[in-house]
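These are the residues of each chain, in order.
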Protein chains: 2
Amino acid sequence: MKCTIITVGDEILIGQIVDTNSAWMAVELNKLGVDVIEILSISDNGDAIKEALERAFSQAELILMTGGLGPTKDDITKKSIAEYFGESMSFHEDTHRRLEAIFAKFNRTLAPAHLEQCNMPNNAVILTNDMGTAPGMLFTKEGSILVSMPGVPHEMKYIFTKHIAHLIFEKTKDSHTIFHKTIMTFGQGETFLADMINEVTEELPEGVSIAYLPSLGFVRVRVTGKGDVSVIKRVSFVAEQIAEKISQYVYGYDDEKPEECVKRLFTDRGFTLATAESCTGGLLGHRITSVPGSSYYYSGGVVSYSNDMKMKVLGVRAETLQQFGAVSNETVKEMAEGVLKLNNADVGISISGIAGPDGGTPEKPVGTIWFGLAKKDEETQTFKISATKNRLKNIEYATNIALGRLIKLLK
Amino acid sequence: MKCTIITVGDEILIGQIVDTNSAWMAVELNKLGVDVIEILSISDNGDAIKEALERAFSQAELILMTGGLGPTKDDITKKSIAEYFGESMSFHEDTHRRLEAIFAKFNRTLAPAHLEQCNMPNNAVILTNDMGTAPGMLFTKEGSILVSMPGVPHEMKYIFTKHIAHLIFEKTKDSHTIFHKTIMTFGQGETFLADMINEVTEELPEGVSIAYLPSLGFVRVRVTGKGDVSVIKRVSFVAEQIAEKISQYVYGYDDEKPEECVKRLFTDRGFTLATAESCTGGLLGHRITSVPGSSYYYSGGVVSYSNDMKMKVLGVRAETLQQFGAVSNETVKEMAEGVLKLNNADVGISISGIAGPDGGTPEKPVGTIWFGLAKKDEETQTFKISATKNRLKNIEYATNIALGRLIKLLK
């Protein structure tokens, strides 16, 4: 089954928001064996919507459309779909009752714009939306399906999960398979990984392909199989061969995030972790605590942005800061050891650097970032990287490097 | 000038990465007066690439294409473009020299895959890339321009900024204008904002339109004008009228982020800020420190994930934790006051909640999040929200609420 995703909204075309809905839907569709052949973002414009529908119906059996169903004047998806099908609209009593009930809970009455949300094209199957005011709609045309959903991510996810996923499952369960196995690596670039596994990738079995997805500090190596169900075995075999050849860089599989790997390694060993962040400002703590259950191993951290806090809370010595500066081998060593002691943790990690865009000197240019890694009863390790001039990139890169080093330490 | 953006890569169609390049390019193109009419994501497939080019040349004068220029086997954009134009390839000596120089710096030699990156279609203008190995390429066809760039964000941004932006500027400077003014609001939903400004939006002047962009805790109200240069005045007039009607919810303009507003308000008043985070795990600190210059007002924070840390570093009393629990009015009060005192700051903010997916009780279900707001010489405020069952959404929502409250406090 082929699918086209269409997202409607000027906010995407002028770059005011990043479209995360499409990636979410693509992952779910892939699990269901659906091939997303195109993602199309278009304007809140009747002609653009109708032209996109025409194109999508010509090439896909499933069309998922998000956006433009809100109560305000710029939302014209529903009207445009009705025009595309040449259908008129009727007032949908059920939707009206649902809206009244939602608003009654908050002691509010419906605005006129909400009443307009109750008008529905006559050929639409209404998909109830318990997360918001705009229902989804399902249309069929010559065996193909069009689903229109709100653009608000949790509303779209609700409607997809509740109303659409099982429909697709019923249609695709007997047809061909798409299977991915992704090998997650750290500490080495894609070209060199590619060279190391060249022997395997030179002669891939039928239906199997390879892709490399680099990000700051990490590369995902994805093995994909398309075909009948036997392709799963061939993908697994290739993935095993690859993982063996680059084993020192592999930390996990199938989109395991570095922070998930860190949690797995720490909880497996019963170790606890504490963080002392300066230039990353809390991002390391956030990445760690974004994983459910992180409280079992993560004691907490200090965002010691000021020197005062480095001294008062972490016990960094005034002489160290004065002699070597906040961004130095000596300071990150004392920060890591200080936060380890403060939390009585097994591992303490520290980061201090010049994130930029300003604050660099000839000796310590913007992008100079020091790391300290203290482990109970072992000598503290320190190291330095030279990153870029871009603040947000440096913050993210430093956080990734820290996660990679925690993995290396426990692997 | 109309533009189509094409992103090439199976990783987007299977949802393995979110396409952030398009939003970045769209913002830059908008500034240059270019109308992005479509963003199209397609597969690493020769036919799909050629078909997309055909379609894009039929509707746009500018085509920006990213992705598929890497050194590995799945990268086929260059080859497909050459086929589309019916051109052969030649070895590009300049590119080869650049690559050798890059690798020499790291004492490495070129892999065979890198040599392949030096082959270029004969009709391509080569756009040097100082951020990576794959150069960009520029092609012209009947007055339209096609630019192919790597998909790695900072490489794409480098090539766009260095080679493309001024070209576009020369072409568009005398033509029509696109002008946006965005009003940033917090603490009220889009429908009610729409109702409050209905009088203004009922009769908009020529060429002016309105859109609402809600996110967790915030709504952006965007006023857009298209036409000759006189539309700027009409957009500004409408935006002023709107801002006046909803002034109590307005915190800034033109995509000022809440954290940028917080920085502005704190530095204007010469106040300092300290944070004590539990369930948000450092995201508040990260958002605050993502803004350059935040060190002028932000002393730092404590990610007091464990009760031990709440007591030892923030001075929360054991009895408070025992009697009321970590997620309570009393605890967030002591956390906020504790972090204020620890940093001798003017304002201290604290967050403690049950982010989920587990850990809820009937009295304190998942999504219960308490906030404390301590200000020097004033009584500490506390309040609670009931969020969702989704961990990441709760963490982001709580962080946004905290930023909104800091804005409200100082506004």
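Residues numbered from 1 in each chain as written. Chains lettered and ligands numbered in written order. Predicted model: local features only at pLDDT ≥ 70, side-chain atom pairs only at ≥ 80, totals over all residues. Heavy atoms only, no water.

**Student:** Can you help me understand the overall build of chain A in this one?
**Tutor:** Each helix and strand in chain A was counted, giving 16 helices and 17 strands. By the burial criterion, 57% of the 411 residues in chain A qualify as buried. For chain A, contacts bridging at least 24 residues in sequence account for 67% of all contacts bridging at least 6. Total accessible area on chain A is roughly 17000 Å²; 50% of this is exposed by carbon and sulfur atoms. The positive charge centre, built from 43 side chains, and the negative charge centre, built from 52, are 5 Å apart in chain A. (Helix = DSSP H or I, 4+ residues; strand = E, 2+ residues; numbered from the N terminus. Buried < 20%, exposed > 50% of the residue type's maximum accessible area, 1.4 Å probe, protein only. Contact = heavy atoms within 4.5 Å. Areas by Shrake-Rupley, 256 points an atom, 1.4 Å probe, with all protein chains shown as cover. Lys, Arg positive; Asp, Glu negative; His and termini not counted. Charge placed at Lys NZ, Arg CZ, Asp CG, Glu CD.)

**Student:** Any chance you could explain empty space enclosed by the protein here in plain terms?
**Tutor:** Empty space among the atoms becomes apparent when a probe as large as a water molecule is rolled across them. Throughout the structure, instances matching the rule amount to five cavities of 30 Å³ or more. By volume, the largest cavity amounts to about 170 Å³. If you go around the largest cavity, you meet 17 residues; those closest to its centre are Asp19(A), Ser22(A), Ser41(A), Asp19(B) and Ser41(B). Listed by contribution, the elements that provide at least two residues to the lining of the largest cavity are α2 (21–31) and β2 (35–42) of chain A together with α2 (21–31) and β2 (35–42) of chain B. The leading source of residues in the lining of the largest cavity is β2(A), at three residues. Grouping the constituent residues of the lining of the largest cavity by class yields eleven nonpolar, four polar and two charged. In this structure, the second largest cavity encloses a volume near 60 Å³. Every residue lining the second largest cavity is listed: Thr95(A), Arg98(A), Leu99(A), Ile102(A), Ile126(A), Thr128(A), Asn129(A), Gly132(A), Thr133(A) and Pro135(A). Tallied by class, the residues present in the lining of the second largest cavity amount to four nonpolar, five polar and one charged. (1 Å grid on protein atoms, 1.4 Å probe; cavity = no way out; pocket = protein on both sides within 12 Å on 5 of 7 lines; lining within 4 Å. Points joined across faces, edges and corners; volume = space filled by probe spheres on them. Nonpolar A, V, L, I, M, F, W, Y, C, P; charged D, E, K, R; others polar.)

**Student:** What exactly am I supposed to notice about the environment of Asp255(A) here?
**Tutor:** With respect to the helices, strands and loops of the structure, Asp255(A) is situated in the loop between β12 (250–253) and α11 (258–269). Separated by 90 residues in the primary sequence, Asp255(A) and Ala345(A) place their C-alpha atoms 28 Å from one another. Leave out the neighbours within four places in its chain, and Asp255(A) touches Thr182(A), Met184(A), Arg220(A), Glu260(A) and Gln16(B).

**Student:** Even after reading the chapter, I still don't get the interface of chain A and chain B, so can you show me in this structure?
**Tutor:** Frequently, the measure chosen for interface size is the accessible area removed from exposure when the parts meet. Contact residues are listed per partner, giving 82 residues for chain A and 83 residues for chain B. Together, the buried faces of chain A and chain B total about 6600 Å²; carbon and sulfur atoms form 58% of this surface. Linking chain A with chain B are two salt bridges, by the criterion used here. Linking Arg55(A) and Glu51(B) is a salt bridge whose minimum nitrogen-to-oxygen distance equals 3.7 Å. (Buried area = accessible area lost by both parts, 1.4 Å probe. Salt bridge = Lys/Arg side-chain N within 4 Å of Asp/Glu carboxyl O.)

**Student:** What is the right way to read the pattern of salt bridges from this model?
**Tutor:** Oppositely charged side chains are able to pair whenever their charged atoms sit close together. Applying the stated criterion to the full structure yields 34 salt bridges over all chains. Of the charged contacts, one joins Lys181(A) and Asp254(A) as a salt bridge, the two residues approaching to 3.5 Å between their closest N and O atoms. With a gap of 73 residues between them, Lys181(A) in strand β9 (residues 177–186) and Asp254(A) in the loop between β12 and α11 connect regions that are remote in the sequence. Ionic contacts of the salt-bridge type, sharing partners, join the residues Glu38(A), Arg55(A) and Glu51(B) into one network.

**Student:** Can you walk me through the relation of the copies chain A and chain B in this structure?
**Tutor:** Of the transformation placing chain A onto chain B, the axial shift is 0.1 Å and the rotation is 180°, giving an RMSD of 0.2 Å. The relationship between the two copies is best expressed as a two-fold rotation axis. Residue by residue, 100% of the interface of chain A is reproduced at the interface of chain B, so both copies engage with the same surface. (Least-squares fit on C-alpha atoms with pLDDT ≥ 70 in both.)

**Student:** Sorry if this is basic, but what is going on with the nonpolar core here?
**Tutor:** The nonpolar side chains of a soluble globular protein tend to be buried, and buried together. Core analysis: the largest hydrophobic core is formed by 69 residues, its most contacted members being Leu273(A), Phe371(A), Leu273(B) and Phe371(B). For Leu273(A), the contacting residues outside a window of four places in its chain are Phe266(A), Ile288(A), Tyr297(A), Tyr298(A), Ser299(A), Gly300(A), Ala345(A), Val347(A), Ile349(A) and Leu406(A). In terms of nonpolar packing, the next biggest core, distinct from the first, is built from 43 residues, Ile6(A), Tyr84(A), Met120(A) and Ile81(B) among them. (Core = buried A, V, L, I, M, F, W, Y, C linked by side-chain atoms within 4.5 Å.)

**Student:** I would appreciate a short explanation of the layout of surface pockets in the present structure.
**Tutor:** Of the voids in this model, the second largest pocket is the one considered here, and its volume is about 1000 Å³. Its residues assigned to classes, the lining of the second largest pocket comprises 21 nonpolar, 14 polar and twelve charged.

**Student:** Where do I start with unusual backbone geometry in this structure?
**Tutor:** Excluding glycine, residues mostly have negative phi values, and the peptide bonds linking residues are mostly trans. Gly356(A) connects to Pro357(A) through a cis peptide bond whose omega is 0°. Looking at where Pro357(A) falls in the secondary structure, it is placed in the loop between β15 (347–353) and β16 (368–375). Phi at Asn344(B) takes a positive value of approximately 50°, unusual for a residue other than glycine. Relative to the helices and strands, Asn344(B) is located in the loop between α15 (329–343) and β15 (347–353). We classify Asn344(B) as exposed; its relative accessible area is 53%. For Asp377(B), which is not glycine, the phi dihedral falls at a positive 60°. Examined against the element boundaries, Asp377(B) turns out to sit in the loop between β16 (368–375) and β17 (381–386).

**Student:** Whenever I open this one, the sheet that holds β16(A) confuses me. Can you help?
**Tutor:** Working definition: the strands of a sheet are paired by backbone hydrogen bonds and lie parallel or antiparallel to each other. Taken in spatial order, the ten strands make up an open sheet running β17(A)-β16(A)-β15(A)-β13(A)-β14(A)-β14(B)-β13(B)-β15(B)-β16(B)-β17(B), and their pairing is mixed. In the strand order of this sheet, the two ends are held by β17 (381–386) of chain A together with β17 of chain B, each with one partner. Averaged over all neighbouring strand pairs, the angle between strand axes comes to 15°, with direction disregarded. With seven bridges joining them, β15(A) and β16(A) adopt antiparallel strand pairing. Looking across to β16(A), one finds that Ser352(A) is bridged to Trp370(A). Lying on the sheet, helix α16 (residues 391–410) of chain A is in contact with β13 (273–277), β15, β16 and β17 of chain A; it crosses β16(A) at an angle near 25°. Docked against the sheet, α15(B) engages β13 (273–277), β14 (298–303), β15, β16 and β17 of chain B, running at close to 145° with respect to β15(B). (Pairing = 2+ DSSP bridges. Axes fitted to C-alpha atoms, helices over the stretch in contact; angles between N-to-C directions.)

Remember that the coordinates give geometry; whether it matters functionally is a separate question.
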